[in-house]
Every structure is written in C-alpha cells, then in structure tokens.
Amino acid sequence: MYKNQRPFTQKIIASLNEDFLGQLEIKDSNIAVFANFPYISIDLQDLVFFGDKSSKSDTIYFVKDVYLGFSVMDLLLGKKQIRSIKLSQGKLDLEKDEEGKLNLLKYKGIYELSDSGKNDELNLDLSDIRLSSIEIGYNDITTRTSLTTFMDKAIAALKIKDDHIFVNLDSEFILNLLSENQPTFFSNKHIALDLDLDFDPNESSLSIQNSELILEEAQFSLTGTIDFDDDVNLDIQVSGEKPDFSLLAAFLPNETGKALKRYKNEGEVYFQGSVRGKTGSGHVPEISIEFGCDNAYFLNPSVGRKVEDLRFVGFYTNGPDRSLETSEFQLLNFNARPEQGIFKGKLIIRDFTNPYVNINLNTDLDLGFLGQFFEIEGLEGISGQVVVNMEFNELVDLEVPGVAGAENSIKSELMVNNLKFTLPDYHLPIENANAKASMVKGNLYLEKVSFQIGESDFYFSGNINDFPAILHGEDRPVKADLTSGSKKINLEELFQGDSTSLQEVVTDFEIKMSFESNGNELKNFVHLPKGEFFIEDFHAKLQNYPHAFHDFHADVLIGDNDLAVIDFTGEIDKSDFHFSGRLENYSKWFQEYPSGKSRFEFDLVSKHLAVHDLLTYAGENYIPKDYQNEEINNLFVKGSLEMVYKDKFQSADLWLNHLEGKFLLHPLKLEKFKGRLHYESDYFTLENFGGKLGISDFNIQLGYYLGDKSVGEIPRNHFVLQSERLDLDALMGFEDFEQDSNHAEAFNIFQIPFSEMDFSAQIGKLNYHTFWLDNITLKARTTADHYIYLDTLGLQAAEGKLKIKGYFNGSDPNEIYFHSTMLADKVDLDKLMFKFENFGQDYLINENLHGLVSGTIESKFLVYPDLTPILEKSEANMNLTVYEGRLVNFTPLQAMGDYFKDKNLNNVRFDTLSNTFELKEGVLNIPRMNINSSLGFIELSGKQSLDMNMDYFIRIPLGLVTQVGFRSLFGGKGKEEIDPDKEDAIVYRDENRRVRFVNVNMRGTPDDYTIGLGRDRGLK
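Let me sum up the structure you'll find in this document.

Rules of the game
- Residues numbered from 1 in each chain as written.
- Predicted model: local features only at pLDDT ≥ 70, side-chain atom pairs only at ≥ 80, totals over all residues.
- Heavy atoms only, no water.
- Helix = DSSP H or I, 4+ residues; strand = E, 2+ residues; numbered from the N terminus.
- Buried < 20%, exposed > 50% of the residue type's maximum accessible area, 1.4 Å probe, protein only.
- Contact = heavy atoms within 4.5 Å.
- Areas by Shrake-Rupley, 256 points an atom, 1.4 Å probe, with all protein chains shown as cover.
- Pairing = 2+ DSSP bridges.
- 1 Å grid on protein atoms, 1.4 Å probe; cavity = no way out; pocket = protein on both sides within 12 Å on 5 of 7 lines; lining within 4 Å.
- Points joined across faces, edges and corners; volume = space filled by probe spheres on them.
- Core = buried A, V, L, I, M, F, W, Y, C linked by side-chain atoms within 4.5 Å.
- Polar contact = N/O pair within 3.5 Å; in protein donor to acceptor, adjacent residues only side chain to side chain.
- Salt bridge = Lys/Arg side-chain N within 4 Å of Asp/Glu carboxyl O.
- Phe/Tyr/Trp six-rings, centres within 6.5 Å; stacked < 30°, edge-to-face > 60°.

## Notes on the overall build of the chain
Regarding its fold elements, the chain presents 15 helices and 55 strands. Among the 1020 residues that make up the chain, the fraction classed as buried is 42%. Summarising the internal contacts of the chain: among those between residues at least 6 apart in sequence, 51% fall at separations of at least 24. Accessible area of the chain: about 55,100 Å², with a carbon and sulfur share of 53%.

## Notes on unusual backbone geometry
Despite not being glycine, Asp647 shows a phi value in the positive range, around 70 degrees. Tracing the backbone shows Asp647 in the loop between strand E34 (631–646) and strand E35 (649–663).

## Focus: the pairing of strand E26 (residues 505–518)
By the bridge criterion, 13 bridges tie strand E25 (residues 477–490) to E26 in an arrangement that is antiparallel. Bridge pairing in E26 links Ser484 to Ile511. Of the strand pairs in this sheet, E26 and strand E27 (residues 531–542) are connected by 9 bridges, and their pairing is antiparallel. Residue pairing for E27: Met513 is matched across the bridge by Ile535.

## What about empty space enclosed by the protein?
By the definition in use, this model includes 2 cavities of 30 Å³ or more. Of the pockets and cavities examined, the second largest cavity occupies roughly 60 Å³. In terms of lining residues, the second largest cavity is bounded by Leu887, Phe890, Leu893, Val908, Ile931, Ser933, Ile938, Leu940 and Ile954.

## Focus: the nonpolar core
Nonpolar side chains tend to gather and get buried jointly when the protein is soluble and globular. Tyr61, Phe245 and Phe538 are the most contacted members of the largest nonpolar core, which has 89 residues in total. For this core, the element with the most residues is strand E4 (residues 59–70), which contributes 6 residues. For Phe245, the residues in contact, after removing those within four places along its chain, are Leu260, Asn265, Glu266, Val269, Cys293, Ala296, Phe298, Leu310 and Phe312. Formed by 78 residues, the second largest nonpolar core is a distinct cluster that contains Leu670, Phe698, Ala824 and Val1000.

## With respect to helix H7 (residues 367–374)
Most of H7 is tucked away: 6 of the 8 residues are buried. Where H7 begins, the side chain of Asp366 points an oxygen toward the backbone nitrogen of Gly368, at a separation of 2.8 Å. Directly after H7, the chain includes Glu375, whose backbone phi takes a positive value near 50 degrees.

## Re the pairing of strand E51 (residues 936–945)
A large share of E51 lies buried, amounting to 7 of its 10 residues. When strand E50 (residues 923–933) meets E51, the two strands line up antiparallel, connected through 9 bridges. Bridge pairing in E51 places Ile931 opposite Ile938. Connecting E50 to the antiparallel partner E51 that follows it, the hairpin turn spans 2 residues. Across 6 bridges, E51 lies against strand E52 (residues 950–957) in antiparallel orientation. Paired with Glu939 across the two strands is Arg955, which belongs to E52.

## Quick notes on the environment of Ser755
Inspection of the secondary structure puts Ser755 in the loop between helix H13 (728–732) and strand E40 (757–768). A residue is classified by how much of its surface remains accessible, and Ser755, at 7% relative accessible area, is buried. With residues near it in sequence (within four places) discarded, Ser755 still touches Tyr704, Asn717, Thr782, Thr783 and Ala784.

## What about the pattern of salt bridges?
Summed over all chains, the structure comprises 32 salt bridges. Of the charged contacts in the structure, one is a salt bridge between Asp235 and Arg276, with a shortest N-O distance of 3.3 Å. One end of the pair, Asp235, is in strand E13 (residues 233–242); the other, Arg276, is in strand E14 (residues 264–278), and 41 residues separate them in sequence. A residue is classified by how much of its surface remains accessible, and Asp235, at 31% relative accessible area, is partly exposed.

## Comments concerning the packing of aromatic side chains
Going through the model one piece at a time under the given rule, you end up with 33 aromatic pairs. Measuring from ring centre to ring centre gives 5.7 Å for Phe334 and Phe343, while their planes differ by 75 degrees; the resulting arrangement is edge-to-face. Taking relative accessible area as the criterion, Phe343 reaches 26% and is therefore assigned partly exposed. Arranged with centres 5.1 Å apart and planes meeting at 75 degrees, the rings of Phe538 and Phe552 form a pair that is edge-to-face. Here the residue Phe538 occupies a position in strand E27, and Phe552 occupies one in strand E28 (residues 548–558), the gap between them amounting to 14 residues. For the pair shown, Phe538 and Phe552 are each scored as buried. Members of the aromatic cluster, joined through ring pairs, are Phe509, Phe538, Phe549, Phe552, Phe568 and Phe577.

Distances and angles like these do not, on their own, reveal function.
In structure tokens:
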C-alpha cells in the first residue's frame, strides 16, 4: 500500500474527473498510520474541487487533510475498501441558482447522471466519518437567503446496501441565517443534530427517522420524507413538549432568550410544526405551526415578583398561496395575572407585506410592579398606572368587502396615570406624567399628555385622522394636528452639564402645528413625506430676551426634491416679519456623502423692525451704540444661498439681490443694496457689496482666510472701500462735541486677533464732524503682532492738503502708541477737528487756534482704545506756520484784558505765525515768536504744562497799555511818573521806529495767576 498509494490515489482522482464537470485536485498524498487509528489512512493533502475545469477560479470546497481509512485485515486479504473518512480544516460553499440547481451537484455531474439513468451497483460501509473544523456556507439566489455554519466536531456513519444509503449524523454547530443580508431569528443559534437518514437513489427519496433537533436548549423530534425527484417535495414534522418555556425561547432573538433565562418558569408548553410541499423550481412549501401553553407562571427570584395564570394558543401558516401575502399569525386567549392588575388579549395578523391586524387588548397594570418584575435598566423606581382597552379589527374589511361599519370596529383607549420614572444618565426624573389617548372610527386622538421635569412642565394634544391609511400606506388623505405648550421651561436646568445650553427660562409657550399628506407618503417616504406643513400659532416669552414672540404662522410645502416656504410670518414685540423662500434639492442633505447643489431663494419683508427688539439679550446689545435703538420701516430683502457638495462641502455663495428700507432715528434710506458672499477652501470673500444709505454710497471688497495659517502658502487678507460720497456724521449720528467720552472703556480692537491684511480706501467726499473733506486716499495694513501701518493717508480740506504716514503699535493692548509724520499744506484747522484728552478732559485742537496751517508734525502719541491721544504721555515736534489765524479765548491774552485799550482779547486775529513747538514730558515749549495781530505786534514765548500751569513772557506795545494796567505793573505809578528810558521792562522792538514795548510775565493757572513785569532771560 505504501508503495502504490500515490498511483492508486491519482488513478481514482483521474477516474472521478472523467465524470465531473468540475475539476478535483490534490496537492499530495501520504500514508498516515496514526491520524485515524486503528485504521491506516491515506492523507489527501489540500483537496480542492473547482467548478470550472479551465480557469479553476470557482472553488466549491477545500479540505486541508482528508484521511481515507483502511482496515489492516482488509489489506492483508487484498481488499481496498474504505472503512473511515476524516475531514480536517475545510470550507464548503454551496449555491442554488435560478434553476434551482445546487452548484456541487451540478459540477459533480449528478444531474446528468440522473438523466441518463446510469447507476452502477455499489456497496459501501463507512462506520466512522469525522469532521473537524469544517465551515459550510449556503446561498440561495432565488430567495436571497444565505446560511453559514461552523462544525467544530461531527461524527457520522455511512452505509450503502441494497441501493440504499444509510446515514447517521451526530453534530453540534452554530447556525446563522440571513435574509436579504439581514439577520433573522435563526442567527447565532446553537444547534445539535442526531439524525437517522435513509436515502434511496433509485427513488431519489430521503427518509428522516426517529431524529432529534436541539435548538439552543429546546429539544424537538424530527421525522418525515423528502422526494428529490418531485421538485424536492417535503413532508416533515417537528414537535416538542416541555414543562417550561425553553421551547419558545429557542425561537426568540438571542438577547430576549437570555433575558428569559433570568426568570423561573413552569407550564405546559408545546410546539408542533410541519413543512409540506415542493421546494424546487421556485415552489414554496406549506408551513404550519401551532404552539401554546397552559397553567404557566413566571417568577423573578431576585425580587420575588410573580406573574401567574399564563396561558395562550398560537398559530402560524403561510396560507394557500404559501407567501408572505397570505401568511397569517394568531395569538389567541392570551391571559396573564400579575400580582396587581390584569392582562388579556388576542392578536391576529394577516398579509405580512401589508399587515391587517385584529387586536383585542384589555389591561390595567401597575407600572411599579412591572418595573420590579422586568428590572429594566434605567427605569428603576418607575411607578404609575396604565390602562388599555383596545378593539382594533381591520380584518372586517377583508372578510366582508365594502362593509360601511368597518371603521366602527376600530375603538381603543389608553390612559396613563401618575407615571414617574428616571432615564439612564439623566439627572432629573420625569414626574406627574398623565396621558389619555383614544382611537375612534380610525381616527387617533391624543386628548392630553402632560408631565414635569424639574421646574419645567409640558403638555401635548393632537389627532391623526384615518390612522389605518398610514399603517397600510394607502393613497388616502391624512391630516395630523399637534398642540404643545408649557407654563415654564428652564433650559439651563434641563440641560445641566451641557456647556452649549442656554441660561434661559421660557414662559407662556404654546405652538399649534398641522401636517397634511396621505397614508402612502407617511409610510413609504424616502427623505421627507410630501405634504403641507403649517404652524397655525406660536407664542412664547424668554427671561433674558425680554421680548414676546406672538402671532407666528407658517406654511411649508414639501415636494419630491424641493421645499417651499410659502409663508412664514410673526411678530416679536412690535416688530413684524414675512419670510418666504424655496429650497431646491433638499434630498442631498440626507445622503451619507452629499453631492450636487442645493439652492435656497428667499424674500424677507417687514413693515416695522425695531433693532432693540431683535438684538438685545440678557441686557446686552451687540451692535454699535448709535444703532441700538434704531428702527427700520418698510424693509425688503431678496437673496439666495447656494451650497455645492462633492462627497463633502466644496463652496457656498450668498447673493444679496435687493435690500431697501428706511431708518427712523438716523433718517436714512437704504437703496440698491446688493453683493455676493463666497466661501471656498477656507477663504471668505465679499464681492461688490454696496448700496446707498441716505446720501452715502459705498462698495466693499473683502477677502479673509479662515483656515489653518500654519500650512503652506495662504492668500492674503484684504479690505477695499470705494465711495463717491460718505456722510459719516449721518451714519454715526454725530451731533456736536459737547459730551466727553469714556475713552478708556471704549472697544479695544487690539484685544482681538490680527491677521496679515491689506486695507485701501478711495472716498470722493467725506463728511466728518460737519466738515466735508475731499479725495481721501488710504493704504494700510495690519500684522499678526498687532501693528497697524498707515502707509498712505491723504485728504483735501478746502484748498489744503494733509498727508499722514505712521503706525500704531498695539502689541501691548494696554499701552497703544501711534508713531506718525504729518505733512500739512494750508489745511483749515476748523475742518480737522482733531480731538485729544488731557487729564480726563476732552479738547479739540481748534478750540483756541483757527486758521490755515502748513508744516510738519512728528509725534509719538500714547492713545486710548478709541485712538484719542493722551497728551501728558505723548511727545511731538511741530514745525508749523499758521496763516490768516485767530486766537480765540486764549487764556494768557484773556487774563490781560485790563491791560489793553479797547481791544477784543477774546478773538485776536493775526497774519502769519511760524514756530517750532515741542511737546515733551507733559510740557508744551513755545520759542519766541512774533505775532502781527489785531493787538499790534506781540512777541510771545514760554511754556505750559498740561495741568494748565503757565509761564508766558509777552511783549506788548506800551501804547496799548491802559492807565489801570500801567499802575498795576509799575507799583501804582502812572505813565507820567515813569521814565521809559530808565525802565528795564520797557524796550524798543525796532530802534528805527522808536516803538516802546513792555515785558510782561504771566504765571499760574487760568483760575489762579499773577501778572507782572519780567523778561524771558533765555531769549535775546
């Protein structure tokens, strides 16, 4: 045998392949003495059977080792009869095609062999067949069912005698049965088989005799016959009886079956089933099942709770057409008696594709008992009462077609009283829950549902007409109405621990809604059911948003792929709105990977819109102060939003096509507003956004990157403003300069993140503080370290020009510095209106000095967040010339009013003034300068600190000094008593003209000063 086993094996393989349509191959064969002891075995290694001889791509089965066992005695006698077979580590893939043929039999040539009548006599006696680690798969293409099982160990015996094949099989395995790729009740089921089979090849019939099937822990007897020649005609009976519910638990889902084992149960439980009829060529057999129990009970031993007097009878049949449409299930005379309450009922279901139901149910249950009995996780401590009286009989329509009283057979009532329970991982209990619902003539009425969660209360009521139309998906109109309300909803308490929750309390809340559709849409919709949705009323009040929502109405049409907001109106306090729009391709949003465009077109109309009503929350209003109390009349907005997806978000566009309205406090009219907002690849752009606001017009371009700035090269941010006329006074509500501002508390732009961004502006005319400036040009940029660079700022004021170049350093937002160089060319000071702050008081640069100024100012100003300079902490060097100037209310001159003859010292005009001023360490230094003024020639020098301490030296013409002033300066002496040539304080300004001047020194503050003779020794 050792010498001839390979040729012997190859000869057998070759002989078999002659009759096979497929191809059988092995890798090698060896003698294995002890692998299947006491038999001597030939080990067929890597046995594989292909369905296709040529490609060898369709593997039907593979076994790593097949041991063919021979008796030693047979070999000594010269017999080569196989006595045992052992299969180890293999896989079998069976498939039934559209013709009802099995791939294994097809490619083995069995069907051709049967047709030819070829059948050689064969006697075989295999007393030992063993399977180890064998996986079997079966797929039925016609019924779209599949089966997989794994046999760890199986023992069988095979005997062929008198043209009969006798098989005895003892095995345990796990069964998984799928229908249309979905798990069935027979998924992950533990099965044990003890089968006695008799197969007659001549008659192609199989007899199942005295066999047993163990499903999970339930044992069933199995008998019957299978006639393979007659389209696999089955006649199989299954039956079982047990004193507990393991028979029925075997057919339950695994999780339910395991839960059932927690209960001690007894009863007279039985199960009987039969399968009769043809299964081949598309036939379906008749299936009948009867089951039931009597005198049964369930006891939960952990809590000592018991349900007694349990009894029922059940039936199932697939009907005369042996299909889901004619299938019927009945559960009759169901009775259970818990320790508290009653439970009685019956259930009949016909047509599993579109079920018609007959339910009769009467219950009065204590939920506290049920909670203890079932020990449902998360519902510990449940209490309350539930009462159900249901008569729901749709079968009347089927049994007596056209019966007008069929709807009268559908009557049901549900009541829940004083329900209380807790939910897993939720901090508040649901309490005082009460409900009453009923179904009358097919209409479902939710009379009232109410409950409390903490401080919050809720109630609901509503109805659905023709509820059976939804159950059966019939094309009949259905309308649903729902009303919901609450006296108080504490959102912060309800969502405690959620960082995104609002700290808000809603009161006086009520909403009324309805939806009109049909039964087919409500049952078989894909994304949203087609129909019309209404909000008939809505009102509510919020604690931190002190405005009332009222008179809300909405009308929304839902189509196959579009959603139209026909009308959405409402009022918030005295503000009203009317919104309409259309959303195209809304179905995209239900896709796992959305692709395509969705477009939303909208109109918004409001007769009156109060900004304060809409944008004030918790006492805060987040828009500019000047507009916080603004109101808009006759507002009209028209636009559209388009979003593009390609497996993921690509881009979004918001078009503003029209915007108009009229401000009330700022009497400005909004006109011709339009623009486009685009977002793509983390880049936000605003294109051609502009319009007219009063007499102002503007056009804005904006680009801003919102993505990760640390990756690669990113586009630079930019802001561009163009305007022919911009009236800032009207836009900002400017009136005058009388009121000081709290500069330190102003919004600090340097506290927010900066980006690398370019700014530019071109403004033809700009009204700033009642003065019109021309041809404003700006080029600026910001950096991430909080610098603002003014590369170019130029403007024209009347005939003058002003240019500024510099930068703001806000790297420390608490100390903001402005370094600049200003070039002025005959700029009218009255039109600059530069404001500065000095020791808590606001001053304008033109409060005392008027005229046309030219020159250069180089400065380093410490400024407040609103950019107002703080002079006592600033430095400046000012080389200036003032033409056609006036000194108005200039304190040093006003203080000398008694010293001048008939002169208006409150308004002193002069021709030209040139000097270089220096502001440093809080002191303004004024070198000597000549002023050819309306007082005459005056020379002025000195200094003044910013706390208004003055030290001025003034030379004035002696002839202008009054007698009173003369006596005050010269110790009570009159002009006739003084020799001007001998007084040091009297000098000649011009030797040729012989005009005498007196040197006067003024010290102190505007409220406390002294005037006397004195010369500035530091000047010549």
